[in-house]
Amino acid sequence: MKNAVVSRRYARALLLIGKEDGQTETYRAELGGFAALVAGNDALEQAVCSPLYDPAARKNVLKAVIAAVTMSPVMTSFLLLLQDKGRLGVLPAINQHYQQLADEVKGVARAQVVTAMALSPGVAEKIQNVLSRKTGKDVLLDIREDPGLIGGVVTKIGDLVFDGSVKTQLLNMRESLKRGEGV
């Protein structure tokens, strides 16, 4: 819980700076890229995050990595601040919150769509258009397949879930029959 509060606070602070200087998308790319780099390299993650290493040595490693990947001055300062405050370990959560906040600023919603089989591009576009109209935002789809659904689609946008799967309909029918309600 504490890490969630901390990560939101840092993400909001970076977003405010990005809105102020018009670099929200630049910071999104830099933060996302750096978070992926650290998450994809266990040795690097240990070298910059582990309290077992000397803080000065961790900071030097971080500076070397930042110099190698070329970051903006604001992102460089942000990452060094996280290092100084001992918060680099919550970088994945900060990145996640920042991405969500940047989407909100841009008027974008991300939807996870799970289908029983592959969708044709036309059907995916129709789903995207309907969700855009319902939310009033540009919707980006993350489409996945799950043959266990039998048929239909399950869509999730934030906390809102639209479950039109055959599997759920069958489960609901079974529960109705168990309660003696009939179908």
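For the structure, see preceding data.
I will try to describe carefully the structure that is included in this document.

The rules behind the values
- Residues numbered from 1 in each chain as written.
- Predicted model: local features only at pLDDT ≥ 70, side-chain atom pairs only at ≥ 80, totals over all residues.
- Heavy atoms only, no water.
- Salt bridge = Lys/Arg side-chain N within 4 Å of Asp/Glu carboxyl O.
- Buried < 20%, exposed > 50% of the residue type's maximum accessible area, 1.4 Å probe, protein only.
- Helix = DSSP H or I, 4+ residues; strand = E, 2+ residues; numbered from the N terminus.
- Arc of directions from axis to C-beta.
- Contact = heavy atoms within 4.5 Å.
- Polar contact = N/O pair within 3.5 Å; in protein donor to acceptor, adjacent residues only side chain to side chain.
- Expected span 1.5 Å × (residues − 1).

This part takes up the pattern of salt bridges. A complete count under the given rule lists 7 salt bridges for this structure. Look at the salt bridges and you will find they share partners, linking E25, R28, D103, K106 and R110 into a network.

Every buried residue of helix α3 (residues 42-49) is accounted for by L44, A47 and V48. Down the axis, α3 shows its buried residues gathered within 85 degrees of arc, on one side only. The inward-facing, buried residues of α3 abut α2 (24-39), α4 (55-69) and α5 (73-84). Between a side-chain oxygen at the N-terminus of α3 and the backbone nitrogen of A43 the separation is 3.2 Å; the capping residue is N41.

The next point concerns helix α6 (residues 91-106). Look at α6: 22 Å from first C-alpha to last across 16 residues, which is about the 22 Å you get at 1.5 Å a residue. Within α6 the residues assigned to the buried category are L91, I94, N95, H97, Y98, Q99, L101, A102 and D103. Buried-residue contacts for α6 involve α1 (2-21), α2, α5 and β1 (108-115). Positive backbone phi, approximately 75 degrees, marks G107, located one or two places after α6.

Any link to function would need more than the numbers given here.
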